[in-house]
Every structure is written in C-alpha cells, then in structure tokens.
Amino acid sequence: MPIESRTLDHGRTVFVRGALSIWEAADTWRTLLPLLSSPDPLTVDLSEVESCDGAGLQIICQIARAAGLPDAAITLGPPSPSVTAALVRAGLVLEPFSNRAQET
Amino acid sequence: MDTQREAYKIEAYELLAELETSLLELEQSPDDTALVDRVFRAMHTIKGSGAMFGFDEIAAFTHDVETVFDRVRDGRIPVTTHLVNLALLARDHIKGLLDGGAEAEANDPDKGAGILAGFRALLSPDDASMPDETDPLSNPAPAAPASPTPVREQMFRIQFTPYDDLFRNGTNPLALIDELAGLGPCRVIGYTDRLPEPALFDPESCYLHWEILLTTGRGIDAIKDVFIFAEDACDLAIEPIDEPETEDRPSPRLGEILVARGDVAPEAVETALHRQKRLGELLVESRTVSPEQVGAALAEQAFVQETRQRREQQSSSGSVRVAAEKLDALVNLVGELVTVQARLSQKATADRDPELLAITEVVERLTAELRDHVLSVRMLPIETAFAKLRRLVRDLSGELGKRIQLHTEGGETELDKTVIEQLNDPLVHILRNSIDHGIETPEKRGAAGKSEQGTIRIHAEHSGANVLIHIQDDGAGIDPQQIRRKAIEKGLLSPEADKSDKELLQMIFLPGFSTAGAVTSVSGRGVGMDVVKRSLETLRGSIDLTSRKGRGTAITLKLPLTLAIIDGLLVELGDEKFVLPLAAIESCVELTRKHVADAHGRNILNIRGQIVPYLPLRERFGIEGTPPAIEQVVINQLDGQQVGIVVDRVIGEHQIVIKTMNTLYKDVQEISGATILGDGSVALILDVQKLLHELDDAAVAA
C-alpha cells in the first residue's frame with residue numbers, strides 16, 4: 001500500500017511509501033487532496049519513498065506549495081534520498097526542503 | 001584501431017585513478033551526489049568506450065557495477081563502506097584487465113565473478129530480473145568515445161515544455177534529462193508555474209517544464225536524438241547560446257540574456273538601467289519579468305561563466321598528450337645542446353673573437369631558456385604520488401583494525417616525473433611503517449588519552465632547488481632506548497657506546513635494522529628504512545627523522561627538482577676532472593702543507609673554530625703524481641655536519657648534463673654518473689653522500 005494515513009498525537013500523518021510514479025499518482029492524489037484542503041494539522045512523511053518520477057515530483061510540488069501557504073498547518077517530513085535525488089535531477093528547488101537544508 | 005585502443009587504455013587508466021580518488025572521497029561524504037555522479041560517469045565511460053574499442057571483458061564486467069551506481073544515484077542503494085570496498089576491488093580488477101588483457105581474466109576468472117556477485121547481491125530482485133537493455137556488447141552506451149581528437153564544445157539552451165499527455169505516453173521526463181546530462185556538463189532549471197490549483201490538478205497530466213543549459217561537444221543532433229521519441233509530446237527549442245570563437249567577449253550580462261530569451265524588450269532594460277537598483281530587482285518590481293525568469297537568467301549567466309572558466313582551465317592545463325619517451329628524448333637533446341654550447345663558449349673565449357663571443361652569449365641565453373622550459377614540461381604535481389597513498393592508508397588501517405586519517409598539503413608542488421616515479425616506493429614504505437608501528441590501535445590510543453583516530457600528515461613544499469616532503473604521524477613514536485637495545489643485540493653497537501637520542505634514531509637507517517616486535521605482512525622484516533634511505537640517495541635526496549616517544553614521528557625527505565641537469569662544481573685531480581653537485585656545497589677553503597702538519601697526520605681542519613674532517617680524494621682514488629702545494633677543500637653539508645673533500649684545483653661552476661653510466665660501473669658506489677665537458681672530455685660525477693659516509697664509517701671505526 002503506497003499511501004497510509006494515520007492519526008497520531010499531534011494530528012494526522014500521511015506516510016507515502018514505495019514508488020511514487022505515474023502508476024500510483026492518481027490514487028495517491030485522491031487520498032491527499034481532501035487532507036491538503038482541510039484546515040487540520042497534517043504531516044506528510046516522504047522518508048520511505050523508494051523511487052520517484054515526473055508525476056511523483058508534481059505531487060510533491062503540490063504538497064510543498066500547500067505547505068507554503070500563509071495559514072497552512074502542513075508539515076513536510078524529511079524526504080527520502082530518492083526524493084532528494086529526483087528533485088536535484090529535475091532542477092527543482094522547493095521551499096520547505098530548501099529551508100530545512102539551510103536549518104541543518 | 002590500435003592507436004584508438006591505446007588511446008582508450010590511456011584514458012581508462014586516468015579514469016581509474018580518478019575513480020579511486022572519488023570512491024575514497026565518497027566514503028567520507030556518502031551524501032555527496034556530485035561524487036556519486038562522478039563515479040557513475042567514470043564507470044559509464046569505461047564501459048561504453050571499452051565495448052566500442054573491443055575491450056569486451058572490461059565492458060561486460062563494468063556493466064553490473066555501473067547498474068549498481070545508477071541505483072545509488074537514484075537513492076535506492078545507500079553508499080556504505082561495503083559498497084566502496086566492492087567498488088575499489090572492481091576498480092583494481094578493471095586495472096588488472098587493462099594491464100594484462102584477457103589473459104589476466106583467464107588466469108583468475110573467479111576474482112571478477114566474486115566481485116560481481118557482491119554487486120548483484122546489492123540489487124533488488126526487481127533490478128536483477130530487469131531486461132538487460134543496456135547490454136554493452138550488443139548496444140554500446142552513448143558515452144563519449146575515447147577519441148584522441150579533441151571535439152569543439154558548444155553551449156546550448158534547451159527549453160523543454162511537455163504537453164499534458166507526456167506521462168500518459170509512457171515518457172519519463174527525468175530519464176530524458178538524465179540522457180542530456182550524459183552529453184556533458186549541464187544545469188537543469190525546473191519550473192512549477194504551470195501547476196494548477198489543487199482542485200484542478202490532474203496527477204496524470206504533465207505541468208512541469210524545464211530549461212536545460214548544456215555544454216557538449218556532440219552537437220545539436222545528439223540533443224535532438226534524446227527527444228526523438230518525445231518530440232510529438234512536447235515543445236522543444238534548442239538554441240546555441242555561446243560560440244567558442246566569441247569567448248574573448250565578456251560574459252553576457254543579465255539584461256542581454258533576458259532580451260535574447262525574448263523575456264523583455266530592450267527598451268525596458270534601458271529604462272531599468274537608468275535607475276539605481278539591481279537590474280533583476282527592478283524588472284521584477286516593474287512586473288516586466290517574474291522572479292523565476294530572473295532566477296533562470298542568472299543561472300544561465302553563472303553557467304556560461306563556469307563553462308568558460310572550465311574551458312580556460314582545460315586549455316591552460318594543456319590539451320596535448322605527449323608520450324613520456326618523447327619528452328625524455330627532448331631532454332636528452334637539450335643536454336647535448338648544453339654540452340655543445342659549453343664547447344662553443346670555450347672556443348669563443350679562447351679565440352677572443354668579439355663577434356663570435358656576442359653570438360655565443362645569445363646561444364647561451366637561449367639554451368638556458370630552452371633547458372628550463374623543457375625541464376618544466378616534465379614536471380608533475382606531487383599529488384599524483386599522494387593519491388596512491390590514500391588508498392594505502394585506507395586499506396591497511398582497515399586490515400589492522402586502526403582508525404587513521406590522512407591529510408595531504410602542497411599536492412600542487414611540482415617535481416620531475418622521474419623523481420616522482422622513484423619516490424613512490426620510499427613513500428609507501430614510510431607510510432606502511434607509520435600505519436603498522438607508529439599509529440596505535442584505537443584502544444591503546446584511548447588509554448593514552450589520545451583521540452581514537454590517528455592522523456598522518458604529508459606536506460610538500462619547495463625549498464630552493466629542492467622539494468621537501470614532511471611526513472608526520474601522531475602515533476607512539478620511536479623509543480631511542482629500544483633502538484639501543486636492538487642495536488646491541490644485533491652487534492651494531494657496543495654496550496658501552498655513548499650515543500645521543502638523535503644518533504640512536506639514525507641507527508634505524510642501518511641495513512637489517514628493525515625495531516618491530518613482530519614480523520607482519522605489512523612491515524617489520526628488517527628491510528625498511530635502509531632501503532628507503534638508499535632509494536632517496538639514488539635520487540640525490542636525503543632523509544631526516546625525529547621522533548618523540550608517545551607523541552609521534554616526523555620524517556623529512558629532501559629531493560632535487562630534477563635528475564637530468566644539475567648545477568655542479570668542476571674540480572681537477574691530476575689530469576682528471578670530477579664534478580661535485582653544488583646543492584650540498586657550502587664553501588671552499590685552502591689546504592696548505594702547514595695545515596696538514598698542524599693536524600699531526602689526522603685528516604681534520606679547523607674552520608672558524610669548528611673541527612671539520614676531510615677526505616683526500618687523490619689518496620682515495622689512488623691518483624699518482626704530486627699534489628700542488630696548496631690544495632682545495634670543498635666543504636659539504638651532510639646530515640647537519642660539515643665534511644671536506646680535498647681536490648687539486650677548483651675550476652668553477654658548470655651546468656652538468658647527467659649521463660648514466662654503463663652497467664659495468666654499477667658497483668662503483670662513489671660515482672653517480674658522468675658528463676661531457678665543453679672540450680669533449682668526460683668528467684665523473686661524484687656521489688658525495690656515499691664518499692662521505694665512508695669517511696664517517698672510518699671515523700666510527702677509529
């Protein structure tokens with residue numbers, strides 16, 4: 001199961017696991033869209049994404065964009081090496097990730 | 001084809017050296033994606049070009065290694081010590097195949113298979129069952145061939161805007177970008193501005209678009225080939241942005257780039273320039289361009305500058321590959337020229353012909369310039385020798401269960417190629433000693449209040465006509481008393497002998513001396529430092545050692561910059577002429593019959609209150625005849641002590657072209673070579689170190 005949503009102490013957390021590609025994109029987005037639109041706190045954990053193509057990157061861009069909105073209560077967990085590598089290859093600099101890089 | 005195969009081998013050796021360095025750096029910085037890319041590219045080129053030039057064994061072997069590093073690039077396989085170990089073994093195996101060709105593989109077929117099994121174990125079952133689309137034997141990889149002909153590079157701006165159905169056509173834009181990256185250095189700028197609001201977002205449509213700045217020597221057709229199966233699913237614009245012949249122009253400015261890209265009208269740039277803020281800020285403020293557009297233009301500006309710098313470095317670092325033998329022949333010819341020029345000078349001086357003298361002066365100046373240039377061509381940075389040591393430290397410390405860090409400084413210091421080649425063994429010997437006996441195990445270091453990781457520092461620097469290499473470790477140091485005990489045990493020192501710590505330390509350079517408690521596979525066989533010292537003396541260098549028990553050991557190697565031509569002092573003994581290397585000479589003093597009488601038959605001289613021993617060369621070489629009433633003593637500095645060599649007459653300083661002696665003279669220790677003088681006669685070059693050691697030994701015996 002590529003995507004799993006759990007309610008933990010600090011709110012809801014969505015775990016994206018395995019491949020995040022064109023084959024999983026529709027299902028993943030269907031699960032994510034209502035959560036991203038909700039005002040409730042949300043954490044998206046991308047640390048277990050094993051591979052990522054262009055379609056997967058677009059979903060990550062949408063999550064990052066939602067997390068960057070002024071009133072957003074969305075937190076992005078640390079990306080997996082696959083996600084980082086795909087972002088670098090695609091020349092994409094996403095605000096939540098680049099902020100984290102500067103913090104560390 | 002043979003020439004191309006040779007060119008491939010040369011390039012492959014260079015790639016393997018680079019690969020080794022990159023792997024060792026990667027072990028220290030496993031998250032460095034640039035290093036992973038470098039390793040991948042090296043493997044990719046070795047494989048692709050190998051298949052192209054008939055090195056099928058190498059191509060087949062490298063294929064699986066490359067596959068694993070492709071997964072590392074994707075982040076699917078982590079960089080671990082195990083992976084680096086395997087990759088280093090693979091690198092050694094490829095080198096073995098290059099060295100010995102296919103016969104080597106036939107001799108040891110299991111070795112390669114064992115390494116490959118290790119790599120395959122790292123791949124997931126999915127990877128292992130993947131169809132082998134990139135079989136190097138049937139479909140050579142699109143790596144740059146090892147062509148000896150340089151290709152002209154050009155920079156391109158590629159605007160790649162996929163239609164929304166690109167994904168549904170089965171195309172992964174990242175794969176296309178990767179293929180472009182395989183053509184040369186590139187910068188990828190991804191745009192997200194076409195992504196719609198979440199509610200309107202269709203995850204199977206492509207909204208991302210890219211601009212790729214690429215420098216390649218493969219031409220525009222190679223770029224078009226990348227998009228051959230995607231051209232109906234995207235808008236593609238490929239424009240050359242920098243012609244090599246326009247490189248003398250300054251890098252394009254931001255405004256010029258924005259205008260060239262059609263992002264802004266020239267008038268808008270002019271208006272903005274009349275105000276005082278930075279152009280990018282002004283254009284964004286005036287909403288003429290978006291921040292993303294300015295960012296992309298700035299990235300393009302930086303890329304153009306970087307590419308130009310790289311090209312400048314490449315052209316200044318020399319793009320002509322010349323065989324070492326040709327350089328050696330050139331040095332020999334210059335040597336002949338120096339000799340002929342000396343004869344010409346001698347003739348001109350003897351004839352006192354003003355016109356001939358004027359011409360001779362010009363020839364002399366030009367010969368000196370030519371000599372300096374030719375010798376400088378043979379100079380190589382000492383880093384080439386250091387690079388091999390990193391692997392040694394890594395492998396040996398792992399084998400011995402020690403943690404050791406190697407720091408090198410001054411790798412850019414240049415030395416004659418021949419000196420560097422012959423320096424390798426002494427350096428390896430010293431480092432092996434340091435790792436095996438010097439640096440303690442982490443437990444012992446912890447107990448001694450030291451950090452668990454030991455450090456070895458190597459620092460090279462110029463010092464006049466020499467290069468000094470300092471090798472320092474923070475290990476256990478050498479105990480002079482242990483040396484004393486060992487020397488007495490081996491009969492090299494009498495138990496009553498009174499020796500300072502410094503003198504005791506020098507004893508480790510005696511043949512057969514070893515303080516190692518146990519003989520290991522690494523060192524301690526008693527053939528250590530004496531061999532190192534002899535090798536350095538062959539190079540006309542010297543070695544100095546200091547050590548503090550518990551604190552570490554410091555070794556300094558002193559080496560001449562070149563072995564081909566030296567400055568020497570020409571001296572005469574009877575009818576014979578000899579050359580003494582000028583580097584060790586301090587001064588010349590007269591030796592009268594009165595001095596000899598005052599010393600009561602002992603070969604010593606009082607120079608400004610210092611007692612200096614000397615060696616009468618006439619006596620040593622059994623030269624018959626009567627010496628002049630006033631002889632000359634050439635004072636040399638040897639291991640911090642002054643010692644003299646007595647000759648009949650000092651003729652003067654000369655440029656000496658060293659000629660090696662026939663093997664017939666290989667056992668004559670005191671002669672290091674010969675040279676041809678201006679009048680065509682031959683002078684022997686004395687090995688002062690060896691001569692004066694005899695004097696030392698005689699003094700010790702006395």
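Residues numbered from 1 in each chain as written. Chains lettered and ligands numbered in written order. Predicted model: local features only at pLDDT ≥ 70, side-chain atom pairs only at ≥ 80, totals over all residues. Heavy atoms only, no water.

**A word on the overall build of chain A**
Right, so step 1: Scanning chain A from terminus to terminus reveals 4 helices and 4 strands.
Right, so step 2: Going residue by residue from the N terminus, the α and β elements of chain A occur as β-β-α-β-α-β-α-α.
Right, so step 3: Among the 104 residues that make up chain A, the fraction classed as buried is 53%.
Right, so step 4: The contacts of chain A with a sequence gap of at least 6 include a subset with a gap of at least 24, amounting to 66%.
Right, so step 5: Roughly 5000 Å² of accessible area belongs to chain A as shown, and the carbon and sulfur atoms make up 55% of that amount. (Helix = DSSP H or I, 4+ residues; strand = E, 2+ residues; numbered from the N terminus. Buried < 20%, exposed > 50% of the residue type's maximum accessible area, 1.4 Å probe, protein only. Contact = heavy atoms within 4.5 Å. Areas by Shrake-Rupley, 256 points an atom, 1.4 Å probe, with all protein chains shown as cover.)

**Focus: the overall build of chain B**
Right, so step 1: A tally of regular secondary structure across chain B gives 24 helices and 21 strands.
Right, so step 2: Across the 702 residues that make up chain B, the buried fraction comes to 43%.
Right, so step 3: Summarising the internal contacts of chain B: among those between residues at least 6 apart in sequence, 71% fall at separations of at least 24.

**Remarks on the nonpolar core**
Right, so step 1: The biggest cluster of nonpolar side chains holds 59 residues, and the ones touching the most others in it are Leu57 of chain A together with Ile158, Leu180 and Ile223 of chain B.
Right, so step 2: Setting aside anything within four residues of it in sequence, one finds Leu57 of chain A in contact with Cys52, Ala86, Leu87, Ala90 and Leu92 of chain A together with Leu174 and Leu208 of chain B.
Right, so step 3: Core analysis: the second largest hydrophobic core is formed by 45 residues, Leu389, Ile508, Leu539 and Leu561 of chain B among them. (Core = buried A, V, L, I, M, F, W, Y, C linked by side-chain atoms within 4.5 Å.)

**So, the sheet that holds strand 11 (residues 552–560) of chain B**
Residues and elements named next belong to chain B.
Right, so step 1: Spatially, 6-8-9-11-10 is the arrangement adopted by the 5 strands of the open sheet, whose pairing is mixed. Lying at the two open borders of the sheet, with one neighbouring strand each, are strand 6 (404–409) and strand 10 (542–548). Between one strand axis and the next, the sheet turns through 15° on average, direction left out of account.
Right, so step 2: Against the sheet, helix 16 (residues 383–399) touches strand 6 and strand 8 (454–463), its axis set at about 175° to strand 6. (Pairing = 2+ DSSP bridges. Axes fitted to C-alpha atoms, helices over the stretch in contact; angles between N-to-C directions.)

**Observations concerning the interface of chain A and chain B**
Right, so step 1: Counting residues at the interface gives 25 residues for chain A, matched by 28 residues for chain B.
Right, so step 2: Of the roughly 2200 Å² buried between chain A and chain B, counting both surfaces, carbon and sulfur atoms make up 61%.
Right, so step 3: Three residues stand out in chain A for area buried against chain B, namely Gln58, Arg65 and Arg89 of chain A, and they jointly supply 31% of the buried area on that side.
Right, so step 4: Inspection of the chain A/chain B interface yields 1 salt bridge.
Right, so step 5: The partner of Arg89 of chain A in a salt bridge is Asp178 of chain B, and the shortest N-O contact between them spans 2.5 Å.
Right, so step 6: Taken together, the connections running from chain A to chain B amount to 11 residue pairs in polar contact (both at pLDDT 80 or more).
Right, so step 7: The set of elements that each furnish at least two residues to the side of chain A that touches chain B consists of helix 1 (22–37), strand 3 (42–52), helix 2 (54–67) and helix 3 (81–89) of chain A.
Right, so step 8: Broken down by element, the side of chain A that touches chain B gets its largest block of residues, 8 residues, from helix 2 of chain A.
Right, so step 9: Counted by class, the side of chain A that touches chain B contains 15 nonpolar, 6 polar and 4 charged residues. (Buried area = accessible area lost by both parts, 1.4 Å probe. Salt bridge = Lys/Arg side-chain N within 4 Å of Asp/Glu carboxyl O. Polar contact = N/O pair within 3.5 Å; in protein donor to acceptor, adjacent residues only side chain to side chain. Nonpolar A, V, L, I, M, F, W, Y, C, P; charged D, E, K, R; others polar.)

**Remarks on the pattern of salt bridges**
All names here are of chain B.
Right, so step 1: Inspection of every chain in the model, using the stated rule, returns 36 salt bridges over all chains.
Right, so step 2: For Arg378, the salt bridge identified is with Asp416, shortest N-O distance 3.1 Å. In this pair, Arg378 sits in the loop between helix 15 (354–377) and strand 5 (379–381) while Asp416 sits in strand 7 (residues 414–416), placing the two residues 38 residues apart along the sequence.
Right, so step 3: When its relative accessible area of 7% is taken as the criterion, Arg378 is described as buried.
Right, so step 4: The class for Asp416 is buried, based on a relative accessible area of 0%.
Right, so step 5: In this structure, Arg649 engages Glu572 in a salt bridge whose closest nitrogen and oxygen atoms are separated by 2.8 Å. Placement of Arg649 in strand 19 (residues 649–657) and of Glu572 in strand 12 (residues 565–573) is noted, with a sequence separation of 77 residues between them.
Right, so step 6: For Arg649, a relative accessible area of 43% corresponds to the partly exposed category.

**Quick word on the packing of aromatic side chains**
Right, so step 1: Here the structure, examined in full by the defined rule, presents 5 aromatic pairs over all chains.
Right, so step 2: Aromatic side chains Phe160 of chain B and Trp210 of chain B sit 5.7 Å apart centroid to centroid with 20° between the ring planes, which places their arrangement in the stacked category. Here Phe160 of chain B is found in strand 1 (residues 154–162), whereas its partner Trp210 of chain B is found in strand 3 (residues 209–216), with 50 residues between them in sequence.
Right, so step 3: An angle of 35° between the planes, with centres 5.5 Å apart, marks the rings of Phe578 of chain B and Phe621 of chain B as tilted. In this pair, Phe578 of chain B is assigned in strand 13 (residues 576–581) and Phe621 of chain B in the loop between helix 23 (617–620) and strand 17 (631–638), connecting sequence segments 43 residues apart.
Right, so step 4: Its relative accessible area of 25% is what places Phe621 of chain B among the partly exposed residues.
Right, so step 5: Each member of the aromatic cluster is reached from another via a ring pair, and the members are Trp29 of chain A together with Phe201 and Tyr207 of chain B.
Right, so step 6: Lying across the ring of Phe40 of chain B, Arg73 of chain B places its NZ or CZ 4.0 Å from the centre. (Phe/Tyr/Trp six-rings, centres within 6.5 Å; stacked < 30°, edge-to-face > 60°. Lys NZ or Arg CZ within 6 Å of the ring centre and 35° of its normal.)

**Concerning the side chain of Glu20 of chain B**
Right, so step 1: Looking at where Glu20 of chain B falls in the secondary structure, it is placed in helix 1 (residues 2–28).
Right, so step 2: For Glu20 of chain B, the contacting residues outside a window of four places in its chain are Leu88, Arg91 and Arg391 of chain B.

**Some points on the side chain of Thr62 of chain B**
Residues and elements named next belong to chain B.
Right, so step 1: Note on placement: Thr62 falls in helix 3 (residues 56–74).
Right, so step 2: Among the polar contacts listed, one links the side chain of Thr62 to the backbone oxygen of Ile58, at a separation of 2.5 Å.
Right, so step 3: Apart from the residues within four sequence positions on either side, Thr62 is in contact with Met43, Ile46, Lys47 and Ile94.

**Some details on the confidence of the model for chain B**
Residues and elements named next belong to chain B.
Right, so step 1: For chain B, per-residue confidence averages 80 on the pLDDT scale, and 86% of positions sit at 70 or higher.
Right, so step 2: Note that residues 128–150 has pLDDT below 50 and, in this model, 38 contacts with residues that lie over four places away or in other chains.
Right, so step 3: Within the model, pLDDT remains below 50 along residues 517–527, and this stretch shows 23 contacts once partners closer than five positions in the same chain are excluded. (pLDDT = per-residue confidence, 0-100.)

**What to know about the sheet that holds strand 13 of chain B**
Residue and element names in this part refer to chain B.
Right, so step 1: With mixed pairing, 5 strands are arranged side by side in an open sheet as 19-12-13-21-20. A single partner strand is all that each edge strand has here, and the edge strands are strand 19 and strand 20 (671–676). Recorded for the sheet is a direction-independent mean angle of 35° between the axes of neighbouring strands.
Right, so step 2: Here 6 bridges tie strand 12 to strand 13, and the two strands are oriented antiparallel to one another. Across the sheet, residue Leu570 finds its bridge partner in strand 13, namely Val579.
Right, so step 3: Where helix 14 (residues 324–351) meets the sheet, it contacts strand 12, strand 19 and strand 20, and its direction lies at approximately 145° from that of strand 19.

**A word on the environment of Leu684 of chain B**
Residues and elements named next belong to chain B.
Right, so step 1: Within the element layout of this structure, Leu684 appears in strand 21 (residues 682–686).
Right, so step 2: A relative accessible area of 28% means that Leu684 is categorised as partly exposed.
Right, so step 3: Leu684 sits 107 residues away from Lys577 along the chain, and the two C-alpha atoms are 7.1 Å apart.
Right, so step 4: Apart from residues no more than four positions distant in its own chain, Leu684 is found in contact with Lys577, Phe578, Val579, Met661, Ile671, Gly673 and Ala674.

**Here's the deal with a nonpolar patch on the surface**
Residues and elements named next belong to chain B.
Right, so step 1: Taken together, the side chains of Leu664, Tyr665 and Val668 present a nonpolar region at the surface, about 310 Å² in accessible area.
Right, so step 2: Tracing the chain through its elements places Val668 in the loop between strand 19 and strand 20.
Right, so step 3: Judged by relative accessible area, Val668 falls into the partly exposed class, the value being 34%. (Patch = residues over 30% accessible without salt bridge, like charges linked within 9 Å, V, L, I, M, F, W, Y side chains within 5 Å.)

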